Amino acid sequence: MPRQLSEVEKNIVRIFQGDLPLEPYPFRRAARELGLKEEELLARLKALQREGIMRRFGAALRHRKAGLVANAMIVWQVPEAEVAAAGRKLASFREVTHCYQRQTRPEWPYNLYAVVHGYNRQQCEVLARRLANAIGHYNYRLLYSTAELKKESMRYFVED
Amino acid sequence: MDQLDRRLLNLIQEEFPLVARPYQEIGCRLGLSEDEVIRKIRKLKTEGIIRRLGGVFELRQLGYTSTLCALKVPPGRLEEVAAVVNSFPGVTHNYLREHDYNMWFTLIGPDRRHLENVIRAIKERTGITELLELPAERPFKIRVNFDLEAED
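All values derive from a computational prediction rather than experimental measurement.

S.K.: Help me get a handle on the layout of surface pockets, residues and values and all.
M.R.: Empty space left among the atoms is revealed by rolling a probe the size of a water molecule over them. There is about 1,000 Å³ of room inside the largest pocket. Around the largest pocket, the lining is made up of 49 residues, and of these His98 and Tyr100 of chain A together with His93, Thr106 and Ile142 of chain B lie nearest the centre. Looking at the lining of the largest pocket residue by residue, the class counts come to 23 nonpolar, 14 polar and 12 charged.

Here you go:
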């Protein structure tokens, strides 16, 4: 179970799930709002990162605008006993941005997912074949995205 | 976008310095002034390439939970159904994909009950019952940055 966050930590989340100002001292205003010294705030951000509560700090991109127009979710059907090893293997590829084991449904037997991005579809297909070779499972399909209908960052602790 | 933009984007995705004057620090690494870094980032934001600059939080560590859903939407109803799905704040990503299950969205909420309520509401308001809910059993990787220098 995750540990309970303090009120100060929740406030840090509330502020930094927004946008960092583009000014020479971008943390100064937030520190004042939180009643912390600037260096205390920076130390707390680093601590949240170290603990894995903040996965990273930095730029979130719209990959389509950055030229990565081909996005494929590759789904595999892998026997339960082999899914852990296969998942770890897929995750080791730099090109795989997300990799999950998911529950299956009678009409949806795929249990292992890898999301890849490329500059074109051919790149995704070549990569999918490489990934399949790496894990030795070939019962897979690529689901290309044809439109991005929404992409936003979640806003946490807003109804508290 | 030129090579310098790509280097800047990779740097601020992966190693944004948590220091009092981060733009100055980034400038030092790229051979730019603080002001030039700020102007370049502002331009990349205006162009829509940078969506946001800030913290990316681990939803499970904040006590939240998430799931992936796929809806089978009749082609003529995509826009109207997307408006319903996207109206829920917990829907953070929604993509059309090439399959009969053509609308794929992620849903985040404070607990399972909340997710189930949203899913029920989506089914009711769209009248679409063919919805796959595919919760994660095990994450192997959640990496949300993109390597822009690797290919060229």
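S.K.: Tell me about the UniProt feature "domain: Siroheme decarboxylase NirL-like HTH" (unreviewed entry) in chain B, residues and numbers included.
M.R.: The sites that UniProt annotates as "domain: Siroheme decarboxylase NirL-like HTH" (unreviewed entry) are residues 5-51 of chain B. Along residues 5-51 of chain B the backbone is 68% helical and 4% strand, and the end-to-end C-alpha distance reaches 15 Å.

S.K.: So, the UniProt feature "domain: Siroheme decarboxylase NirL-like HTH" (unreviewed entry) in chain A: which residues are in play, and what are the values?
M.R.: When the UniProt feature table is mapped onto this chain numbering, "domain: Siroheme decarboxylase NirL-like HTH" (unreviewed entry) sits at residues 9-55 of chain A. Within residues 9-55 of chain A, the helical portion is 60% and the strand portion 4%, while the C-alpha atoms at the span's ends are 14 Å from each other.

S.K.: Quick one: what's the story with the interface of chain B and chain A, residue by residue and with numbers?
M.R.: Taken together, the contacts link 73 residues of chain B with 78 residues of chain A. Here chain B and chain A share an interface that buries about 7,900 Å² over both sides, 57% of which is from carbon and sulfur atoms. Summed over the shared surface of chain B and chain A, the result is four salt bridges. Counting across the interface, chain B meets chain A through 49 residue pairs in polar contact (both at pLDDT 80 or more). Here the side of chain B that touches chain A takes eight residues from strand E1 (residues 50-57) of chain B, the largest share from any one element. Here the residues of the side of chain B that touches chain A are counted per class, giving 40 nonpolar, 13 polar and 20 charged.

S.K.: For the UniProt feature "domain: Siroheme decarboxylase AsnC-like ligand binding" (unreviewed entry) in chain A, give the residues involved together with the corresponding values.
M.R.: The UniProt feature table records "domain: Siroheme decarboxylase AsnC-like ligand binding" (unreviewed entry) at residues 65-150 of chain A. As annotated, residues 65-150 of chain A comprises 28% helix and 37% strand, and the C-alpha atoms at either end are separated by 14 Å.

S.K.: Please provide a residue-by-residue account of the nonpolar core, values included.
M.R.: The biggest cluster of nonpolar side chains holds 46 residues, and the ones touching the most others in it are Phe16, Phe27, Leu41 and Tyr156 of chain A together with Ile12 and Tyr23 of chain B. Mapped by element, the contributors of at least two residues to this core are helix H1 (7-16), helix H2 (28-34), helix H3 (38-50) and strand E1 (54-61) of chain A together with helix H1 (3-14), helix H2 (22-30), helix H3 (34-46) and E1 of chain B. In this structure tyrosine 156 of chain A touches Val13, Arg14 and Gln17 of chain A together with Phe57, Leu59, Leu62, Tyr64 and Ile108 of chain B, once residues within four positions along its chain are discounted. Formed by 25 residues, the second largest nonpolar core is a distinct cluster that contains Trp76, Ala86, Leu112 and Ala128 of chain A.

S.K.: Any details on the environment of histidine 114 of chain B? Residues and values, ideally.
M.R.: Residues and elements named next belong to chain B. Mapped onto the fold, histidine 114 is located in helix H5 (residues 112-126). C-alpha of histidine 114 to C-alpha of glycine 90: the two residues are 24 residues apart in sequence and 9.5 Å apart in space. The residues contacting histidine 114, other than those within four sequence positions of it, are Ile108 and Gly109.

S.K.: An account of the pairing of strand E5 (residues 140-151) of chain A is requested, with residue identities and associated values reported.
M.R.: Both strand E2 (residues 70-76) of chain A and E5 of chain A contribute to a ladder of five bridges, which runs antiparallel. Each residue of the ladder has a partner; that of methionine 73 of chain A, found in E5 of chain A, is leucine 143 of chain A. In the sheet, E5 of chain A pairs with strand E3 (residues 91-97) of chain B via five bridges, with the strands oriented antiparallel. From the neighbouring strand, glutamate 148 of chain A faces E3 of chain B, where its bridge partner is tyrosine 95 of chain B.

S.K.: Kindly report on the pairing of E1 of chain B, identifying the contributing residues and their values.
M.R.: Counted residue by residue, E1 of chain B has eight buried out of eight residues, so it is predominantly covered. As paired elements, E1 of chain A and E1 of chain B share seven bridges and run antiparallel to each other. Within the sheet, the bridge partner assigned to phenylalanine 57 of chain A lies in E1 of chain B and is glycine 55 of chain B.

S.K.: So, the packing of aromatic side chains: which residues are in play, and what are the values?
M.R.: Residue and element names in this part refer to chain A. If you walk through the whole model with that rule in mind, you get 11 aromatic pairs over all chains. Pairing phenylalanine 27 with phenylalanine 57 gives two aromatic rings, centres 5.9 Å apart and planes at 45°, and the pair type is tilted. Placement of the pair is phenylalanine 27 in the loop between H1 and H2 and phenylalanine 57 in strand E1, with a sequence separation of 30 residues. For phenylalanine 27, a relative accessible area of 0% corresponds to the buried category. Overall, phenylalanine 57 belongs to the buried group, its relative accessible area being 2%. Plain terms: the ring middles of tryptophan 76 and tyrosine 140 are 5.6 Å apart, the flat faces sit at 35° to each other, and that makes the pair tilted. Of this pair, tryptophan 76 sits in strand E2 while tyrosine 140 sits in strand E5, placing them 64 residues apart in sequence. Across the pair, exposure class does not vary: tryptophan 76 and tyrosine 140 are buried alike.

S.K.: So what's going on with the sheet that holds strand E6 (residues 136-142) of chain B? Which residues, and what values?
M.R.: If you walk across this open sheet you meet the nine strands as E5(B)-E2(B)-E4(B)-E3(B)-E5(A)-E2(A)-E4(A)-E3(A)-E6(B), and the pairing is antiparallel. At either margin of the open sheet sits one strand with a lone partner, and together these are strand E5 (131-133) and E6 of chain B. Taking each pair of neighbouring strands and ignoring which way they run, the sheet shows an average axis angle of 25°. Those strands touched by helix H4 (residues 83-91) of chain A are E2, strand E3 (96-102) and strand E4 (112-118) of chain A together with E6 of chain B, and its axis lies near 25° from that of E6 of chain B.

So, how was this worked out
Residues numbered from 1 in each chain as written. Chains lettered and ligands numbered in written order. Predicted model: local features only at pLDDT ≥ 70, side-chain atom pairs only at ≥ 80, totals over all residues. Heavy atoms only, no water. 1 Å grid on protein atoms, 1.4 Å probe; cavity = no way out; pocket = protein on both sides within 12 Å on 5 of 7 lines; lining within 4 Å. Points joined across faces, edges and corners; volume = space filled by probe spheres on them. Nonpolar A, V, L, I, M, F, W, Y, C, P; charged D, E, K, R; others polar. UniProt positions renumbered as here; feature names shortened; annotations may be inferred. Helix = DSSP H or I, 4+ residues; strand = E, 2+ residues; numbered from the N terminus. Contact = heavy atoms within 4.5 Å. Buried area = accessible area lost by both parts, 1.4 Å probe. Salt bridge = Lys/Arg side-chain N within 4 Å of Asp/Glu carboxyl O. Polar contact = N/O pair within 3.5 Å; in protein donor to acceptor, adjacent residues only side chain to side chain. Core = buried A, V, L, I, M, F, W, Y, C linked by side-chain atoms within 4.5 Å. Buried < 20%, exposed > 50% of the residue type's maximum accessible area, 1.4 Å probe, protein only. Pairing = 2+ DSSP bridges. Phe/Tyr/Trp six-rings, centres within 6.5 Å; stacked < 30°, edge-to-face > 60°. Axes fitted to C-alpha atoms, helices over the stretch in contact; angles between N-to-C directions.

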